[in-house]
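# Structural features, examined
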Amino acid sequence: MKNLFVILVLGLTACQIHAQSQLENTAKDSATLTEYTIQGYEAHWLTSDVIVINNKYTADSLLLTTKKQLNKSFPLFKRDMPKMLQGQYPHLAHFNAYSFDIPLQQIKALLKQPLVVVEREATKGKTLGTFVQIGHIIDEIYTSKDQDADEVNDLGATLLDSSTQFKLWAPTAQNVSLLLFERDKQPAKTHKIPMLEDSSSGVWQVTVPEDLSSTYYRYQVTVYHSVSGQVETIQTTDPYSLSLSIDSEYSQVIDLQHPNTFPSGWIDQKDVPLLAPEDNVFYETHIRDFSAHDLSLSDPLYRGKYAAFTDKKSDGFKYLQGLAKAGVNSIHLLPTFDIGSVGENTDQVIDIDDPIEKACKIAKHLPFCTTLVSKKMSIRGYLEQLSAEDSSREILISAIRTFDNYNWGYDPFHFTVPEGSYALQPEGESRIVEFRAMVQQLHNMGFRVIMDVVYNHSHQAGLGPKSVLDKIVPGYYHRLDPITGLITQSSCCDNTATERVMMEKLMIDSLVVWARDYKIDGFRFDLMAHQPKEAMLKARKAVREVDPDTYFYGEGWNFGEVANNKRFVQASQLNMAGTEIGTFTDRLRDAVRGGSVTDSATYLRKNQGIGNGLGVIPNELQNEGLDAYYLKMDQIRIGLAGNLANFPLMIHSGKLKLGQEIPYGEQPTGYALDPADTINYVSKHDNQTLWDNNQYRVAYHLSPQQRTLMQVQNLSFVLLAQGIPFIHMGSEMLRSKGFLRDSYDHGDWFNKVDFSLKSNNYNIGLPPKEKDQINWPLIKTLLKGNQGRDIVSPENIRFSVQGFLDLLEIRMTSALYRLTNEADVIEKVKFHNTGSNQQLGLIVMSIAGDTKHPGQLVLFNTSEHPKAFQLPEFNQYTLHPVLASSANFSAKQSYANSGIFTVAPLTTAVFIEPSERQVQ
């Protein structure tokens, strides 16, 4: 008979098992010196009677081990893998399956201890075994029935009438206590309070018979942890924290409905509803970038803070007013939840405007600490003295980055508390009030507020100082490699397992708090395809119960350990089609920008896109031929039609193809089934800015004005497309990051935005070598070859902004650019100048009008020469009045004459049907 044994190992006191990087563990019986080799985490406990094990464990000649250190063991019997489990866990379908019989209460006891499966040949004195992954069985035992853990709706600290309740889900913990602290973080008079476990849910709880409002607390958890290979007693904050101390060291009891957490006017703030998701225009904003360089703020302390959004006299505030007037209606905030990478105590972090002497007290090794430079000088002042032609600036920025106050924030510490480094007072409720004041002001300006959320990974795991989830239920909240048991890190960091019920619940509960208690109007999900489609649909349903017109969108990139639905049906681009949960489309992006986000060195120049000269203004390295040009033009046309899978288009070969039949590498170009499925963009926080990308690729001879026109036209593809436009803050201002590919942690110097419109932050020194050293030779070649033609004036910047605002106004004054279903797009949107005889450098798109909306005709001239195109059936169309009255001289050089439309170089021109000619 073939069998295995599941063995309960009672820590180091009963068996000397030591975890070595979670990869190999060895146990020795001191009496017999029999060696047990325990490798990896290749066994997975799936259900109450099924374990699956990597098929390298053959299960031949197995015996039950009865050594003293093996306190309890159970035989496993080989069986076929149930088809239901094969479908539920496709990444484990090739593993061998085993059954057994263990009573439920005993299973719960086993889960509180380290578990191994071993096999042994009777004639040999060596046992081979592997540790057991228990995340799946935890879900079955504690979340698969009614009224168990996932139905507990008051996890965390809850203020009752005259008492305070604490609940923590920790089913594998051996003991949990509540620790209370005063405002000064000293232990409270009653400091340590034991908590009791509800064995049916795994929730530990205690009710303290007093109102503990504003009291700080932590949990003390005794639990076996695989990182150390032993039982640990750990202090940690609450994963359901709603308020925190400075630097997030303590959770705080708080009632988010109490008036002392509201800014003045919170209850009466403006609501900004939308009729349809397609009405959104997203403006992606980083809180620190928005104001870190704004010299017009009434108080310099507001720089980089929530408070800057409430300063009505600042350049940034006035600029937002102009955006709102033109039609931007949704401010997308990069992560604003509590993050782990930036210190919240300003005395202990470095700001670019700090004096050098402060920086050297924090980090003595910085390059300027041993020089003769005045230590009273600001870091910014010192940077300005360094050469822009070499790496001296990037060396300093790279040295400071670990200690400064800058990060994009994709490193979650606590999911449901505002980040403290953006607050003037980060301690306790103050950060909540300041965050709400920002949201309130944006609402009153006419903006919806979108939060960028990151539930796909955590900042730390294991026993790290900023780990929370993995300290409480080790091995559950994170996605583990099926062989090694190591936490997967394809996202960048420690991937969370949203396919697990309680991680999904944590995400949903968090989203509801943000929507209900902070009035957040929508959510952008980082690496959304690392989460199950089902979880996203459940989350939206829950949020809609408190905010019916919320909108969800995110990154649907298909990669990593979950790629191609390997572990579950992902929330990826193709899978989300038809759900009206939007995904960013890389199809339009790459066709306009050229190349891909992974390009480096000469490929950054060689791989031109339609938006920077492919086919019509080739640079000196361009040799792709017209096939690549024609394909990218067709990809753009499908992008303009909402990226629809079923949109018919005559492609460059003269054949009629659907969007899904036009290739994008090995994928279809068109994949959406509804316009709301698609987020259109050509620039966002990731990768080089639109301006920097274009400078890598454009021909040397183009003038500053031509480069400016090119930038405006690039944005026109986004603004005039079906689907939802997404604009990176500053892209309309020609924003540069000095060619930096990934500015997530490289400070204010490279991430500068100037709302006074005097500078675009170009040519500020070589970008940090971490990811851009390979590009330094090309950058130096470009700067030399351009001979200053890549340097823009304030007039160029203002011209670009005005051109952007014109196009935005055109979009928002006609519902024809915001069609809400597939059928209307297919019926109304048509492309001309297609097929094998198309005129190079010209896309012509018409949108049929109706009784309410005049028809629209849009011509995109991507060449450096005027283009004319004849459409007799549109002979009554005239230049759009927004363009006719614009300060944009290029648009005014475009005109119509008896059905012949002439468009200025590098210009997108819109013509409109006279009102009396509308379709009846």
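Residues numbered from 1 in each chain as written. Predicted model: local features only at pLDDT ≥ 70, side-chain atom pairs only at ≥ 80, totals over all residues. Heavy atoms only, no water.

## Re the overall build of the protein
Cut-off, in case you're wondering: The secondary structure listing takes helices from DSSP runs of H or I that are at least 4 residues long and strands from runs of E that are at least 2 residues long, numbered from the N terminus. Our radius of gyration is a C-alpha quantity, and the globule rule it is checked against amounts to 2.2 Å times the number of residues to the power 0.38. Per-residue and other accessible areas follow the Shrake-Rupley method at a 1.4 Å probe size, with only the shown protein chains counted as cover for residues. Under the convention used here, Asp and Glu are negative, Lys and Arg are positive, and both His and the chain ends fall outside the count. A single reference atom marks each charge: NZ on Lys, CZ on Arg, CG on Asp, CD on Glu.
When helices and strands are tallied, the protein shows 25 helices and 42 strands. In summary, the protein has a C-alpha radius of gyration of 30 Å against a globular reference of 29 Å for 920 residues, a match within 12%. In terms of principal-axis extent, the alpha carbons of the protein reach across some 95 × 65 × 55 Å. Of the roughly 33100 Å² that the protein leaves accessible, carbon and sulfur atoms contribute 50%. Each charge class in the protein was averaged separately, 86 positive and 105 negative side chains, and the resulting centres sit 3 Å apart.

## Some words on the sheet that holds strand S11 (residues 164-169)
Condition: Pairing between two strands is assigned when DSSP locates at least 2 bridges connecting them. Throughout, an axis means a line fitted to C-alpha atoms (over the contacting stretch in the case of helices), and angles, computed between N-to-C directions, take values from 0 to 180 degrees.
If you walk across this open sheet you meet the four strands as S10-S11-S15-S14, and the pairing is antiparallel. Across the chains shown, the open sheet's two edge strands, defined by having one partner strand only, are strand S10 (156-159) and strand S14 (196-198). This sheet shows a mean twist of 25 degrees between the axes of neighbouring strands, independent of strand direction. Where S11 and strand S15 (residues 203-208) come together, six bridges link them in antiparallel fashion. Residue pairing for S15: Leu-168 is matched across the bridge by Trp-204.

## Structural notes on the layout of surface pockets
Selection rule: Using protein atoms alone on a 1 Å grid, points that fit a 1.4 Å probe yet trap it form a cavity, whereas open point sets bounded by protein on both sides within 12 Å along at least five of seven lines form a pocket; residues with an atom within 4 Å of a point count as lining. Grid points are joined across faces, edges and corners, and a volume is the space filled by probe spheres set on the points. In the scheme used here, Gly and all other residues not listed as nonpolar or charged are polar, with Ala, Val, Leu, Ile, Met, Phe, Trp, Tyr, Cys and Pro taken as nonpolar and Asp, Glu, Lys and Arg as charged.
In this model, the largest pocket occupies a volume close to 1200 Å³. Along the walls of the largest pocket sit 43 residues, with Ser-491, Leu-527, Glu-555, Trp-557 and Asp-686 positioned nearest its centre. At three residues, helix H14 (residues 586-593) tops the list of elements feeding residues into the lining of the largest pocket. When its residues are assigned to classes, the lining of the largest pocket shows 13 nonpolar, 18 polar and 12 charged.

## A short note on the pattern of salt bridges
Where we set the bar: Salt-bridge detection follows one rule: a side-chain nitrogen of Lys or Arg within 4 Å of a carboxyl oxygen of Asp or Glu. Burial here depends on accessible area, computed with a 1.4 Å probe over protein chains only, as a share of the maximum for the residue type. Under 20% is buried, over 50% is exposed, and the range in between is partly exposed.
Enumeration over the complete set of coordinates arrives at 36 salt bridges. Two residues, Asp-517 and Arg-516, come together in a salt bridge whose shortest N-O distance is 3.0 Å. Of the residues examined, Asp-517 reaches a relative accessible area of 5% and is grouped as buried. Among the charged side chains, a network of salt bridges with common partners joins Asp-452, Arg-524, Asp-526, Glu-555, Lys-684 and Asp-686.

## Some points on empty space enclosed by the protein
Tallied over the entire structure, the rule returns 12 cavities of 30 Å³ or more. Of the pockets and cavities examined, the largest cavity occupies roughly 330 Å³. Elements with a contribution of two residues or more to the lining of the largest cavity: strand S9 (126-133) and strand S16 (216-225). When its residues are assigned to classes, the lining of the largest cavity shows 13 nonpolar, eight polar and two charged.

Any link to function would need more than the numbers given here.
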